[in-house]
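Coordinate inspection notes
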Amino acid sequence: MSTSTWLLAVVLASLASAGGGIVYGHAEGEAAVLAKDNAKAVKDLTGLIGSHAQLITEATKVSKAMRVALTRRGVADAETTQEFKNALAATADSRAGCLFDDDVMRRLATAQGNAAKAAAGGVLGTVPGPGASTVGP
């Protein structure tokens, strides 16, 4: 083999080797960038999942608080209804002529004030007791 052929073979081998190295390096660079992007996506998704888990926990607490408030409201409403029934039973025969004694009228005024206060306070507001008065004597 002549020197020029040998030299040509070495140059071609060097070029082929360099080309392979460039292709390999490019592929490795792309893989590194893809891995970095994937790691950022995983980090972002982990943050979103944590945020959603916190929102679910908060929603559960609020839901429980609303159930408790609605239960209290139901108990207060039942007590008030029973008080009205008891108060009106004493004057059942007089109501035919639309006569109500002063006690019934005070209770109705108190109930109206409590209803307005409860409506203004919303579901999670405090429920006034059945005997609580919001109007003066």
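Please refer to the structure higher up on the page.
Residues numbered from 1 in each chain as written. Predicted model: local features only at pLDDT ≥ 70, side-chain atom pairs only at ≥ 80, totals over all residues. Heavy atoms only, no water.

**Digging into the overall build of the protein**
Regarding its fold elements, the protein presents 2 helices and 0 strands. The burial tally for the protein puts 9% of its 137 residues in the buried class. Considering only intrachain contacts with a sequence separation of at least 6, the fraction spanning at least 24 residues in the protein is 55%. Within the structure as shown, the protein displays about 10300 Å² of accessible surface, and the carbon and sulfur contribution to it stands at 67%. (Helix = DSSP H or I, 4+ residues; strand = E, 2+ residues; numbered from the N terminus. Buried < 20%, exposed > 50% of the residue type's maximum accessible area, 1.4 Å probe, protein only. Contact = heavy atoms within 4.5 Å. Areas by Shrake-Rupley, 256 points an atom, 1.4 Å probe, with all protein chains shown as cover.)

**Section: the pattern of salt bridges**
One pass over the structure, following the stated rule, counts 3 salt bridges. Between Asp 44 and Lys 40 there is a salt bridge, with the nearest N and O atoms lying 3.0 Å from each other. Of this pair, Asp 44 and Lys 40 are both found in helix H1 (residues 3-89), 4 residues apart, which corresponds to roughly one turn of the helix. Given a relative accessible area of 39%, Asp 44 falls into the partly exposed group. Its relative accessible area of 53% is what places Lys 40 among the exposed residues. Sharing partners across several salt bridges, the network here consists of Glu 83, Asp 103 and Arg 107. (Salt bridge = Lys/Arg side-chain N within 4 Å of Asp/Glu carboxyl O.)

**Considerations on a nonpolar patch on the surface**
Residues Leu 7, Leu 8, Val 11, Leu 12 and Leu 15 make up a contiguous nonpolar surface patch of roughly 490 Å² in combined accessible area. Tracing the backbone through its elements, the reader meets Leu 15 in helix H1. For Leu 15, a relative accessible area of 56% gives the class exposed. (Patch = residues over 30% accessible without salt bridge, like charges linked within 9 Å, V, L, I, M, F, W, Y side chains within 5 Å.)

**Structural notes on the packing of H1 against helix H2 (residues 102-121)**
Each pair of packed helices can be summarised by the angle the axes make with each other and by the distance between the axes. Close contact between H1 and H2 brings their axes to 10 Å; oriented N to C, the two are set at 165 degrees. Classified by the angle between their axes, H1 and H2 sit roughly antiparallel to one another. Here the hand of the crossing between H1 and H2 comes out left-handed. Taking contact as the criterion, the partners of Arg 73, Glu 83, Phe 84, Ala 87 and Leu 88 in H1 are, on H2, Val 104, Arg 107, Leu 108, Ala 111 and Ala 118. (Axes fitted to C-alpha atoms, helices over the stretch in contact; angles between N-to-C directions. Parallel < 35°, antiparallel > 145°, perpendicular 65-115°, else oblique. Left-handed = near helix turned anticlockwise from the far one by under 90°.)

**Points about H2**
Over its 20 residues, H2 extends 28 Å from the first C-alpha to the last, a length consistent with the 28 Å expected when each residue adds 1.5 Å. The set of residues buried in H2 consists of Val 104, Thr 110, Gly 113, Asn 114 and Ala 118. Contact partners of the buried residues in H2: H1. (Expected span 1.5 Å × (residues − 1).)

**Let's talk about the environment of Thr 81**
Relative to the helices and strands, Thr 81 is located in helix H1. Accessibility expressed as a relative area gives 41% for Thr 81, which makes it partly exposed. When the C-alpha positions of Thr 81 and Ala 111 are compared, they lie 9.9 Å apart, and in sequence the two are 30 residues distant.

**Some words on H1**
Along an α-helix, residues three or four apart share an orientation, since each turn contains 3.6 residues. End to end, H1 covers 127 Å across 87 residues, agreeing with the expected 129 Å (1.5 Å per residue, within 8%). Buried residues along H1 sit in contact with H2.

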